[in-house]
Every structure is written in structure tokens, then in C-alpha cells.
Amino acid sequence: AMRSLTNLIGYMVATKDMHLELTGTNPSRSFRHRAEGLTDAPQYEEKDGVWLLEVATDSDWSGNKETRSSTSCGSIYLGGNWLHSYSRTQKHITLSSTEAEFVALVGGTSEGLFLRAVVAHLVDGDVELKVYGDNTSSIAVASRDGVGRLKHVSGRLLWIQQRQQCGDLQLRRIDTITNTADLGTKVLTGKRVKLLMYLCGFAN
């Protein structure tokens, strides 16, 4: 309990002067434009008449040393503006980091598809969904048929493969250093918290 309180105080100190900046830019703008100079990953090109919905996902594998359960986190953006973040414990014990990241990717995709339907109902234009993960193997599993060598993965998670192949979403890799979903998976240093919050759109 004392360690949790110390971590909470650390987060409060690191973020007490931060506020969210909303920009009235092109709705197809990606939140990744804030990472310019931090990564050499390709930037998303803005498209007229397209609303870009993005979900960054991450997971810590067996982060809970008592139950060996993993934590999934997702950060959701529309037109480059932060909408919502969540952090939740995975229901089943995963046997590898790839499996834990795959579960997080499926969870983020589920959230993204729901919000994509909501946004499509509210706006006059196409809504494009991109889901990011920093584990190449989990993205590969989500992009093919079957589970390959991951024999422990629940079959109920494989719907993401069909939705991805139908073009309902695009799966992309994001560098770990710029993955804002890292905020909700583990205890981080104050400097790391401030960097990720800046990438979310928060400013001091």
C-alpha cells in the first residue's frame, strides 16, 4: 500500500502543471506528428474529408508478481486529439509477452471499432481506424489466419484477423519510446510520464 501511495504521489508531482491542448486542425491529423524527431517511423498523411481515429495499445507481461496477470492499456485519439485512455487487468494468464500484447491489441481494436461507429454516425465523412502496437509478433498474429505457434491463445480473440482482412481497420507498429499506452502499464519515471503526456497532447 505504501508503494502504491508513493507511485501515486510521484505521478501527481510529474503532472500537476499539465493541461490538455485541443487543436482545431484537420480531422485526419495523427497524434504521431508530435513525435517528429523522436522516431523515424513514417508519418501519416492528412486526407481531406477523412476522420482519423487512432488507438495505441500496450501491455506489461505478468506485471502483477502475485497473480502473474498482465495489464492492458489503450490511448484513443480523434484527429490527433486525445479522447480517452483506459488501463485494465487481463482476465487470463498469458504465457508470453506476444500473447499479452495480442490481447491488448484485440481490446484496443474492440474499443476502436465501437468509437468508429459512433463517430461515423456523428460526422459527415469517412472514418479511418488505425490500431498501434509496439510488438511486431502480436501484429503479425492479428494479420494472418490462425494462431501459428501461439497455442494458448483463445479462439474468441481471432475475430480481429477477419476484421483486419476485411479492411475495417489498419494495424501498424509504433516505436516503444513514443507509445503513449505505456502510461497505463507500469510505474514510470517523471521524465517518461511527461514525455508520453506531451505526445498525448498535454502541455505544461
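Note on numbering: residues in each chain are counted from 1, in written sequence order. The model is predicted, so local features are restricted to residues of pLDDT at least 70 and side-chain atom pairs to those at 80 or more, both for listing and for counting; the totals for chains, interfaces and linings are taken over all residues. Excluded from the side-chain calculation are hydrogens and water; included are all heavy atoms of the structure.

> In this structure, what is going on with the overall build of the protein chain? I would like to understand it.
Helix numbers and strand numbers start at the N terminus; a helix is a DSSP run of H or I with at least 4 residues, a strand a run of E with at least 2. When its secondary structure is counted, the protein chain shows five helices and seven strands. When the helices and strands of the protein chain are placed in sequence order, the string is α-β-β-β-β-α-β-α-α-β-α-β. Counting only residues that meet the buried cut, the protein chain has 45% of its 204 residues in that class. Of the contacts formed within the protein chain by residues at least 6 apart in sequence, a portion of 65% connects residues at least 24 apart. The buried label goes to any residue with under 20% of its type's maximum accessible area, the exposed label to any with over 50%, and the partly exposed label to all in between, with areas taken from a 1.4 Å probe on protein chains only. What makes two residues a contact is simply this: any of their non-hydrogen atoms within 4.5 Å.

> In this structure, what is going on with the sheet that holds strand 3 (residues 71-78)? I would like to understand it.
Here a strand pair is declared whenever DSSP counts at least two bridges between the two strands. Spatially, five strands are ordered 4-3-2-5-6 in an open sheet, and the strand pairing comes out mixed. Across the chains shown, the open sheet's two edge strands, defined by having one partner strand only, are strand 4 (81-89) and strand 6 (170-173). Here the strands of the sheet are splayed against their neighbours by 20° on average, with no regard to which way each runs. Pairing between strand 2 (residues 50-60) and strand 5 (residues 126-133): seven bridges, direction parallel. Note that in strand 5 the partner of Trp51 across the bridge is Val127. For helices, the axis comes from a line fit to the C-alpha atoms of the stretch in contact; other axes are also lines fit to C-alpha atoms, and the angle between any two N-to-C directions lies between 0 and 180 degrees. Across the face of the sheet, helix 2 (residues 97-122) comes into contact with strand 2, strand 3, strand 4, strand 5 and strand 6 while running at roughly 155° to strand 2.

> Help me understand helix 5 (residues 190-200), please; the structure alone is not making it clear to me.
Three or four residues apart is the spacing at which side chains of an α-helix point the same way, because the helix has 3.6 residues per turn. Listed in full, the buried residues belonging to helix 5 are Arg192, Val193, Leu196, Met197, Leu199 and Cys200. End-on view of helix 5: buried residues confined to an arc of 155°, all on one side of the axis. Positive phi appears at Gly201, one or two residues downstream of helix 5, with a value of about 115°. Our arc is simply the arc of the directions from the helix axis toward the C-beta atoms.

> Looking at this structure, I do not really get the pattern of salt bridges. What am I missing?
For side chains of opposite charge, pairing can occur when their charged atoms come near one another. We define a salt bridge as a contact between a side-chain nitrogen of Lys or Arg and a carboxyl oxygen of Asp or Glu at a distance within 4 Å. Per the stated rule, a full pass over the model turns up seven salt bridges. The shortest N-O distance in the salt bridge between Lys130 and Glu128 comes to 3.9 Å. In this structure Glu128 comes out as buried when scored by relative accessible area, which is 14%. Note that Arg173 and Asp175 form a salt bridge whose closest N and O atoms lie 2.9 Å from each other.

> Is there a simple way to explain the side chain of Ser70 in this structure?
By the secondary structure assignment, Ser70 is in the loop between strand 2 and strand 3. A distance of 3.4 Å separates a polar atom in the side chain of Ser70 from the backbone oxygen of Asp60. N or O atoms closer than or at 3.5 Å make up a polar contact, with two conditions inside protein: a donor-capable atom paired with an acceptor-capable one, and, for residues adjacent in sequence, both atoms drawn from side chains.

> Sorry if this is basic, but what is going on with the pairing of strand 4 here?
Residues in a regular strand project their side chains so that they alternate between the two faces of the sheet. Examined bridge by bridge, strand 3 and strand 4 share eight bridges and lie antiparallel to one another. The partner of Thr71 across the bridge, within strand 4, is Thr89.

> Can you walk me through a nonpolar patch on the surface in this structure?
Grouping into patches uses exposed residues only, defined as over 30% relative accessible area, and leaves out salt-bridged ones; the cut-off is 9 Å for like charges and 5 Å for nonpolar side chains (Val, Leu, Ile, Met, Phe, Trp, Tyr). Each accessible area is a Shrake-Rupley result for a 1.4 Å probe, and residues are judged covered by the shown protein chains and nothing else. Taken together, the side chains of Phe114, Val118 and Leu122 present a nonpolar region at the surface, about 320 Å² in accessible area. Residue Leu122 is classed as exposed on the basis of its relative accessible area of 66%.

> Could you clarify how one ought to interpret the confidence of the model for the protein chain in this entry?
Parts of the prediction with low pLDDT should not have their coordinates interpreted in detail. For every residue, the predictor states its confidence as a pLDDT score lying anywhere from 0 to 100. Predicted confidence across the protein chain gives a mean pLDDT of 83, with 84% of residues reaching 70 or more. Summarising per-element confidence for the protein chain, the mean pLDDT is lowest in helix 1 (residues 2-15) (50) and highest in strand 5 (95).

> Where do I start with the state of the cysteines in this structure?
Covalent bonding between the sulfur atoms of two cysteines is what defines a disulfide. Here, a disulfide means two cysteine sulfur atoms that sit within 2.5 Å of each other. Applying the stated criterion across every chain, the model contains zero disulfides. With no disulfide of its own, Cys200 has Cys73 as its nearest cysteine by sulfur position, at a separation of 8.7 Å. What makes Cys200 buried here is its relative accessible area of 2%.

> Honestly, the packing of aromatic side chains in this entry has me stumped. Any pointers?
A ring pair, where both rings are aromatic, is described by two values, the distance of the centres and the angle of the planes. Each Phe, Tyr or Trp ring (for Trp, its six-membered ring) is paired with any other whose centre lies within 6.5 Å, and the angle between the two planes then decides the class: stacked below 30 degrees, edge-to-face above 60, tilted in between. Here the structure, examined in full by the defined rule, presents three aromatic pairs. Ring geometry for Phe31 against Tyr77: centres 4.1 Å apart, planes inclined by 10°, an arrangement best described as stacked. Taken together, the residues span a long stretch of sequence, with Phe31 in the loop between strand 1 (19-20) and strand 2 and Tyr77 in strand 3 at a distance of 46 residues. Under the relative-accessibility criterion, Phe31 is labelled buried at 2%. Judged by relative accessible area, Tyr77 falls into the buried class, the value being 0%.

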